[in-house]
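Geometric and topological summary
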Amino acid sequence: MSVSDIWDVLVLGVVLGSLYAVIAIGYTLVYGVLQLLNFAHSEVFMSGGYGGVIALTLVEPVADPSGLQSFGYVILGICAGALLGGLVAFGLEKAAYLPLRRRNAPRLVFLITAIGASFFLYNLAGKLFGRYPMPMPTMYENRKLFEIFGTSVSVTQLIIVVTALVMLLLVDFVVNRTKLGSGIRAVAQDPEVASLMGVNIDRVVSRTFVLGGLMGGVAGFLFGTNLQVEYTMGFLPGITAFAAAVLGGIGNVRGAMLGGLTLGVVEAFTVELWGDAWRYVGAFAVLILVLMFRPTGILGERVGRTA
Amino acid sequence: MELCGDNRSGSLQGVFEVLNKTIVRLAIPIAASALVLSACGSDDDGGGGGDGQTYKIAYQGPISGQNVALGENMANGIQLAIDEANESGDYDFKLEYFPADDQGSETQATAAAQSAIDDPDVVAVIGPAFSGPTQVAAPLYGQAGLASVSSSATNPTLTDQGFGTFLQAVPNDNAQGAAMAEWLASQDGVSSVMVVDDKSPYGEGLAEVAVNGLEEAGLDVETASVPADTVDYSSAAHDVVSSGVDALIYAGYYEALAPFAIRLNEAGYDGIGVSGDGSNDAELIHLAGDAAEGWYLTCPCTDATQEEATQSFAERYQAAYDTPPGTYSAESYDVANMIIQQIDGLQGNVDRQSLYQALAGAEYEGLTKTFSFDESGAFAEQKIYMYQVDGGQIGYLGAVDELAAG
């Protein structure tokens, strides 16, 4: 493996990792406020992909778009992905989890509901949109943009990394600097005291889901531009992003970002060294190793109680 | 195409499947041995009578589950054939469709096969659709004396195992892998080839035969495996380009080839690309767009899209199911019609055994190809044809042996 190879692989890893990071935020936020492993988040992610495809198919991108048109298409796709992701997450919380919270259901019931919701949603998508994969319409000419240390970076790769970065900064800002953010952190620390202090827990939980859904939806769209959109597309990225959230310290927003990037880069190097069949072996070996020595993840838990 | 189940399980389904598999691994031998003891009595009692007799044609394939899209293609084709036969009034018997859902998985195959075997009116089975379930179900059909005719299970070892009543109504993967190697060896300027499989039984089998053929032809061969559910083909594309090979064989399905082709295009790969019938589908172009241009695709099928018979089939199919026919729709329609024709030919003396004998010796000219079988039940004419994606269409180039001979 030469030096230029290392850069090649690093670029691939960072692109993949930033997608994992954006998805992982959704798991970690919901875990923070509810101690719920929301396995249906992978389907929120999937619906974002469909949102992007549907919006762009409706608009029908012109054959040779100008730079400005391309930019418009990408923004449209991002917004549509975020919208559908946010909607599905909102509906999911209202339909599946809110009734359980009202009844004070045990933790296990939440978990089973999450798995059930995941099955329901992806089969529903298969029924609604068909079980064949759908391609993302061409929004721009995906050419080489520039080189860093001899490694070429394509338009898609740049879009993914830049969008992910913006999303991550945005969510970091929301959680740490806004009123909603202090609500989220307050509920994460102690929901009872938070509600005594006048925090509307239901509203905070609902908005947390929407925030995670927006992120997941955008990630779904970005993932669709890189691969294609399919009703089963949520599973593997979802599980990996969940692992990323755990790796970084579940409940910790910055930890999810770090965990996502780490897993992406480790995957890319594993594939380079041992082939694609070993992709998850390498990534999850790192997860296990880290958890053996730091059971709370790399950054540990900064918001929320211990699990 | 060995339509084997792809591994993309939703959520925790994968875990359940693993659990299921262990249970079935124990259960199959027990079930099979029980069957040996009781099989003698389970023959049909549906033979005899002529007028108004109802025969059931079963279809074993995925009617639910992950691979339902592929399964529906075939189920619809079969139902169309049966409906048309019933409506035509040409026959003095009625036909009924009997679905045996195996979800495309080995674990469900035994139960699906048994349901068809247990219904005495079932005189023939179309399927199993996938090679894995065929491995499990074909011995059961053999013991019951019930013909199983698969239009899509292409694993070459299936006909070597003496299942008894299994007929492979499709050329097997050996023919295709060998044809790829033969054709590449005949191309000028090709001295090194990378063979990438998708880790499915279909892909691995096809890749193995192609690698052997290429090595025999004296070409440099590199191999790689990229599981079909990989989240990112950039790494694989990067490897292909940096290896500097002249040609690439992808042994897998179009769903995975599409993103791979796009990444290869972006990575600047300019060599030859070849794939098999698993990728020979208009969906490839739909998904990959310009990146599909120039890819060579082999197939055991001749170019049916140009023929009037197939076009009218496509229209009737569209009218009946509100969707165009997909992979192996026309082939399973053909197989259903072949069975109907043989039932008719037996003039009332239809039982499982006589129908199997008739099918094994049949020569039936369908819409897609002419069906006949050798002694082992393998498809008689193992001829492979070459196609190339050109201008957004899958264009027909001709038979591989003729192309390779120049």
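Parameters and conventions
- Residues numbered from 1 in each chain as written.
- Chains lettered and ligands numbered in written order.
- Predicted model: local features only at pLDDT ≥ 70, side-chain atom pairs only at ≥ 80, totals over all residues.
- Heavy atoms only, no water.
- Contact = heavy atoms within 4.5 Å.
- Buried area = accessible area lost by both parts, 1.4 Å probe.
- Salt bridge = Lys/Arg side-chain N within 4 Å of Asp/Glu carboxyl O.
- Polar contact = N/O pair within 3.5 Å; in protein donor to acceptor, adjacent residues only side chain to side chain.
- Helix = DSSP H or I, 4+ residues; strand = E, 2+ residues; numbered from the N terminus.
- Core = buried A, V, L, I, M, F, W, Y, C linked by side-chain atoms within 4.5 Å.
- Buried < 20%, exposed > 50% of the residue type's maximum accessible area, 1.4 Å probe, protein only.
- Domains from an automatic or database assignment.
- UniProt positions renumbered as here; feature names shortened; annotations may be inferred.
- Pairing = 2+ DSSP bridges.
- Patch = residues over 30% accessible without salt bridge, like charges linked within 9 Å, V, L, I, M, F, W, Y side chains within 5 Å.
- Areas by Shrake-Rupley, 256 points an atom, 1.4 Å probe, with all protein chains shown as cover.
- Phe/Tyr/Trp six-rings, centres within 6.5 Å; stacked < 30°, edge-to-face > 60°.
- Lys NZ or Arg CZ within 6 Å of the ring centre and 35° of its normal.
- Expected span 1.5 Å × (residues − 1).
- Axes fitted to C-alpha atoms, helices over the stretch in contact; angles between N-to-C directions.
- Left-handed = near helix turned anticlockwise from the far one by under 90°.
- Nonpolar A, V, L, I, M, F, W, Y, C, P; charged D, E, K, R; others polar.

What follows is about the interface of chain B and chain A. Each side of the interface is counted separately: chain B has 33 residues, and chain A has 34 residues. Around 3,000 Å² of area is buried between chain B and chain A when both sides are counted, 54% of it from carbon and sulfur atoms. Linking chain B with chain A are zero salt bridges. Here chain B is connected to chain A by six residue pairs in polar contact (both at pLDDT 80 or more). Listing elements by their share of the side of chain B that touches chain A, those giving two or more residues are helix 2 (68-88), helix 7 (234-243), helix 8 (254-266) and helix 9 (282-288) of chain B. The biggest single contributor to the side of chain B that touches chain A is helix 8 of chain B, with six residues.

Right, let's talk about the side chain of Q176 of chain B for a bit. Considering the arrangement of structural elements, one finds Q176 of chain B in helix 5 (residues 173-185). The contacts of Q176 of chain B, once residues within four sequence positions are left out, are L206, G276, D277, T298, C299, P300 and I384 of chain B.

This next bit is on the nonpolar core. Core analysis: the largest hydrophobic core is formed by 120 residues, its most contacted members being I25, Y97 and V171 of chain A together with L248 and F260 of chain B. Tallying contributions element by element places helix 1 (residues 3-34) of chain A first for this core, with 16 residues. Apart from residues lying up to four places away in sequence, V171 of chain A is in contact with I25, L29, L211, M215, V253 and M257 of chain A. Y55, A129, A169 and F371 of chain B belong to the second largest nonpolar core, which has 46 residues in total.

Our next topic: the pattern of salt bridges. Tallied over the full model, the rule gives 14 salt bridges over all chains. The closest approach of N and O atoms between E84 of chain B and R316 of chain B, which form a salt bridge, is 2.6 Å. In this pair, E84 of chain B sits in helix 2 while R316 of chain B sits in helix 10 (residues 308-321), placing the two residues 232 residues apart along the sequence. What makes E84 of chain B partly exposed here is its relative accessible area of 24%. Here R316 of chain B falls in the partly exposed class, since its relative accessible area comes to 32%. Each member of the salt-bridge network shares a partner with another, and the members are E93, K94, R101, R102 and D202 of chain A.

All names here are of chain B. Here chain B is partitioned into domain 1 (16-27 + 42-171 + 308-371) and domain 2 (174-299 + 384-405). Of the residues lining the interface, four residues belong to domain 1; the matching set on domain 2 comes to four residues. Both sides together, the interface formed by domain 1 and domain 2 hides about 390 Å², and carbon and sulfur atoms give 44% of it. Inspection of the domain 1/domain 2 interface yields zero salt bridges.

We now examine the UniProt feature "transmembrane region" (unreviewed entry) in chain A. All names here are of chain A. UniProt records the feature "transmembrane region" (unreviewed entry) for residues 6-30, 42-59, 71-92, 104-125, 145-175, 204-225, 231-250 and 280-300 in the present numbering. As a span, residues 42-59 carries 100% helix and 0% strand, and end to end its C-alpha atoms are 26 Å apart. Structurally, residues 204-225 is divided into 100% helix and 0% strand, and its ends, taken at the C-alpha atoms, are 32 Å apart.

Residues and elements named next belong to chain A. Structurally, A40 is set in the loop between helix 1 and helix 2 (41-59). For A40, a relative accessible area of 0% gives the class buried. A C-alpha to C-alpha distance of 18 Å links A40 and G224, two positions 184 residues apart in sequence. A40 has contacts with L92, Y97, A114, A117 and S118, leaving out every residue within four places of it along the chain.

A few words on unusual backbone geometry. All names here are of chain B. With an omega of -5°, the peptide bond running from G127 to P128 counts as cis. In this model, K199 sits at a positive phi of 70°, which is unusual for a non-glycine residue. For K199, the position within the fold is in the loop between strand 6 (192-197) and helix 6 (201-216). Non-glycine residue D322 carries a positive phi angle of around 60°.

This paragraph deals with the pairing of strand 2 (residues 151-154) of chain A. Two faces, one strand: in a regular strand the side chains alternate between the faces of the sheet. All names here are of chain A. Both strand 1 (residues 144-148) and strand 2 contribute to a ladder of four bridges, which runs antiparallel. Within the sheet, the bridge partner assigned to I148 lies in strand 2 and is T151. Here strand 1 hands over to strand 2 after two residues, with F149 in that stretch at a positive phi of 50°.

Residue and element names in this part refer to chain A. Taken together, I54, L58, V59, L76, F120, L124, L128 and F129 make up a surface patch of nonpolar side chains, about 730 Å² in accessible area. Counting residues per element, the ones that place at least two in the nonpolar patch are helix 2 and helix 4 (107-129). A per-element tally of the nonpolar patch places helix 4 first, with four residues. Note that L58 resides in helix 2. The exposure class assigned to L58 is exposed, which follows from its relative accessible area of 69%.

Applying the stated criterion across every chain yields a total of 23 aromatic pairs over all chains. Ring geometry for F119 of chain A against Y122 of chain A: centres 5.9 Å apart, planes inclined by 50°, an arrangement best described as tilted. Of this pair, F119 of chain A and Y122 of chain A both sit in helix 4, three residues apart, which is roughly one turn of the helix. Residue F119 of chain A is classed as partly exposed on the basis of its relative accessible area of 22%. Y122 of chain A sits in the buried class, given a relative accessible area of 2%. One aromatic cluster is present, formed by F313, Y317, Y321 and Y333 of chain B through successive ring pairs. Lying over the aromatic face of F379 of chain B, K369 of chain B brings its terminal NZ or CZ to 5.8 Å of the ring centre.

Along its 23 residues, helix 4 of chain A runs 33 Å from first to last C-alpha, staying within 8% of the 33 Å computed at 1.5 Å per residue. Of the residues trailing helix 4 of chain A, G130 of chain A is marked for its positive phi of about 90°.

Turning our eyes to something else, we now look at the sheet that holds strand 5 (residues 166-168) of chain B. Residue and element names in this part refer to chain B. Strand order in this open sheet of five strands is 2-1-3-4-5, and the pairing throughout is parallel. Two strands bound the open sheet, and with one partner strand each, they are strand 2 (94-101) and strand 5. On average, adjacent strands in this sheet sit at an angle of 25° to one another, irrespective of strand direction. Across eight bridges, the pairing between strand 1 (residues 54-61) and strand 2 is parallel. If you follow A58 over to strand 2, its bridge partner there is F98. Running over the sheet, helix 2 touches strand 1, strand 2 and strand 3 (122-126) and is turned about 165° from strand 2. Contacting strand 3, strand 4 (147-150) and strand 5, helix 12 (residues 352-360) crosses the sheet at an angle of about 40° to strand 3.

Another aspect to go through is the packing of helix 1 of chain A against helix 10 (residues 253-274) of chain A. Residue and element names in this part refer to chain A. Where helix 1 meets helix 10, the closest approach of the two axes is 6 Å, and the angle between their N-to-C directions is 145°. Crossing angle aside, the handedness with which helix 1 passes helix 10 is right-handed. Along the lines of polarity and charge, the residues of the contact of helix 1 with helix 10 split into 19 nonpolar, six polar and three charged.

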